[in-house]
Amino acid sequence: MKEWQVREGMWLLAGQPVATLLSGVEEIPVFAPQSGSLAGLHHHPGEVLLAGAVIGWIQQSDYTSGDYDPDAVLVYGGGGHGQVLLELIRQAGHFRLVGVVDDRLSRGETLLGVPVLGGAECLPEWRRKGVGLAVNGVGGIGNPLAREGVFTQLEQAGYFFPTLVHSRALVEPAAILHPGVQVLALAYVGPCVEVGFGSLINVGAIASHHCRLGRVTNLSPGATLAGGVSLGDYTQIGMQATVNVNLRVGKNCLIGNSATVKADVPDGTRVRAGHIWPPLHSSSQSGGTYVSQDSATNSPAQP
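Conventions adopted
Residues numbered from 1 in each chain as written. Predicted model: local features only at pLDDT ≥ 70, side-chain atom pairs only at ≥ 80, totals over all residues. Heavy atoms only, no water. Helix = DSSP H or I, 4+ residues; strand = E, 2+ residues; numbered from the N terminus. Buried < 20%, exposed > 50% of the residue type's maximum accessible area, 1.4 Å probe, protein only. Contact = heavy atoms within 4.5 Å. Pairing = 2+ DSSP bridges. Phe/Tyr/Trp six-rings, centres within 6.5 Å; stacked < 30°, edge-to-face > 60°. Salt bridge = Lys/Arg side-chain N within 4 Å of Asp/Glu carboxyl O. Polar contact = N/O pair within 3.5 Å; in protein donor to acceptor, adjacent residues only side chain to side chain. Core = buried A, V, L, I, M, F, W, Y, C linked by side-chain atoms within 4.5 Å. pLDDT = per-residue confidence, 0-100.

**Quick notes on the overall build of the protein**
Inference 1: Across its full length, the protein carries 3 helices and 30 strands.
Inference 2: The buried share of the protein, taken over its 303 residues, is 49%.
Inference 3: Contacts in the protein between residues at least 24 apart in sequence constitute 33% of all its contacts with a sequence separation of at least 6.

**A look at the sheet that holds strand β19 (residues 206–207)**
Inference 1: In spatial order, the strands read β13-β16-β19-β22-β25-β28-β30; together these 7 strands make up an open sheet with parallel pairing. On the outer flanks of this sheet lie β13 (170–171) and β30 (276–277), each paired with one strand and no other.
Inference 2: When β19 meets strand β22 (residues 224–225), the two strands line up parallel, connected through 2 bridges. The residue of β22 that forms the bridge with Ile206 is Thr224.

**So, the packing of aromatic side chains**
Inference 1: The tally for this structure, following the rule as stated, stands at 3 aromatic pairs.
Inference 2: Ring centres 5.0 Å apart and planes at 90° place the aromatic pair Phe151 and Phe161 in the edge-to-face group. Taken as a pair, Phe151 in helix α3 (residues 144–156) and Phe161 in the loop between α3 and β12 (164–165) lie far apart in primary sequence, 10 residues in all.
Inference 3: The buried category is assigned to Phe161, whose relative accessible area is 9%.
Inference 4: Relative to Phe197, the ring of Phe161 has its centre 5.6 Å away and its plane inclined at 75°; by these criteria the two rings are edge-to-face. Placement of the pair is Phe161 in the loop between α3 and β12 and Phe197 in the loop between β17 (194–195) and β18 (200–201), with a sequence separation of 36 residues.

**Here we look at the pattern of salt bridges**
Inference 1: All chains considered together, the criterion is met by 7 salt bridges.
Inference 2: Note that Asp102 is salt-bridged to Arg104, the shortest N-O span being 3.0 Å.
Inference 3: Of the charged contacts in the structure, one is a salt bridge between Asp267 and Arg248, with a shortest N-O distance of 3.5 Å. Taken together, the positions of Asp267 in the loop between β28 (260–261) and β29 (270–271) and Arg248 in strand β26 (residues 248–249) put the pair 19 residues apart, joining distant regions of the chain.

**Overview of the environment of Thr163**
Inference 1: For Thr163, the location among the structural elements is in the loop between α3 and β12.
Inference 2: At 3.1 Å, the side chain of Thr163 forms a polar contact with the backbone oxygen of His178.

**Re the side chain of Thr217**
Inference 1: If you trace the backbone, Thr217 turns up in the loop between β20 (212–213) and β21 (218–219).
Inference 2: For Thr217, a relative accessible area of 2% corresponds to the buried category.
Inference 3: Ignoring anything within four residues of it in the chain, the contact list for Thr217 reads Ser199, Leu200, Leu231, Gly232, Asp233, Tyr234 and Thr235.

**Thoughts on the sheet that holds strand β4 (residues 26–31)**
Neighbouring strands of a sheet are bound in pairs by backbone hydrogen bonds; such pairs are parallel or else antiparallel.
Inference 1: One open sheet holds the 3 strands; their spatial order is β1-β3-β4, and the pairing between them is antiparallel. With one partner strand each, in any of the chains shown, β1 (3–4) and β4 form the two edges of the open sheet.
Inference 2: As judged from the 2 bridges shared by β1 and strand β3 (residues 17–23), these two strands associate in the antiparallel manner. Considered in β3, the bridge of Glu3 is made with Thr20.

**Observations concerning the environment of Ile28**
Inference 1: Note that Ile28 resides in strand β4.
Inference 2: Note: C-alpha distance between Ile28 and Met1 (27 residues apart in sequence) is 9.5 Å.
Inference 3: Discounting residues that sit within four places of it in the chain, Ile28 has contacts with Ala19, Thr20, Leu21 and Ser23.

**With respect to unusual backbone geometry**
Inference 1: Pro278 follows Trp277 through a cis peptide bond whose omega is 5°.
Inference 2: With respect to the helices, strands and loops of the structure, Pro278 is situated in the segment after β30.
Inference 3: The backbone of Gln240 shows a phi angle near 65°, a positive value even though the residue is not glycine.
Inference 4: Looking at the element boundaries, Gln240 is found in the loop between β24 (236–237) and β25 (242–243).
Inference 5: Given a relative accessible area of 51%, Gln240 falls into the exposed group.

**Considering the nonpolar core**
Inference 1: Ranked by internal contacts, the top residues of the largest apolar core, which has 32 residues, are Val183, Val189, Ile201, Leu219, Leu225, Ile237 and Ile255.
Inference 2: With near-sequence residues (within four places) excluded, Ile201 lies in contact with Gln182, Val183, Leu184, Ala187, Val189, Val195, Leu213 and Leu219.
Inference 3: With 21 residues, the next largest nonpolar core counts Ala134, Val150, Phe197 and Tyr234 among its residues.

**Some details on the confidence of the model for the protein**
Inference 1: Looking at the protein, the pLDDT average stands at 86 and 85% of residues meet or exceed 70.
Inference 2: Taken together, the stretch residues 62–66 has pLDDT below 50 and engages in 6 contacts with residues farther than four places along the chain or on a different chain.
Inference 3: In the predicted structure, residues 284–303 sits below a pLDDT of 50 and forms 45 contacts with residues beyond four places in sequence or in another chain.

Pasting the structure below:
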């Protein structure tokens, strides 16, 4: 980081210069995306920032009174994905992990040594206590709108979403990761890739150069996108599935485990596990779910 052009608590206008970053010899200006009060400035000039680091937040409400801690974070969801994120946050070393929020767990329990704070009803309480960051631990496999719903609930409670990148993942400097993105161990995000809000790049998944991933997309473990692939919002790519170069997979698609995609996929399409797209024979060519003739005996794909 080179320098700040603002100070904590300032009211910013949309488009106002905030900071200047350095990437190699290139200076990169940062502008305010919206108007509001600036909070959470805790990086210093000369400090090296990790990919996806949050340098501050812009908010319309005054949440900065009391013991405000810009590094404090809670995790919503204590299932399998949530527990993976607990470990990722701990190894990252630059967050203070406050606790887990989960409607199915009792306040006072512990999960991997982390206290359970209660259910969703406790979100306003912890926001007033100065916790500004929340991580979505609901993976949403097979139901991306469940994951989207958690983001909405957290946003309405006033939380911001850090971008998480595991120390053993590789994100190229020219990639763009939007808020709430999670990149897990051994994943690769190539140059000029843009990963949309709240998307998940799971263990060992690959998004090659110039890919575009929409909002709340999901690359399951081992999934591979060749260069120039585009994924629509809420689309999920199953384990070990592959998508060939320069293809578009539409919105709300589900590509099953080990499937191979060789042509563009329309919105709302489900490609069965182990199948090749496009099918040699299909029951419909008008959009929606496409199935090959022999797929009626197969169970639905689970990415």
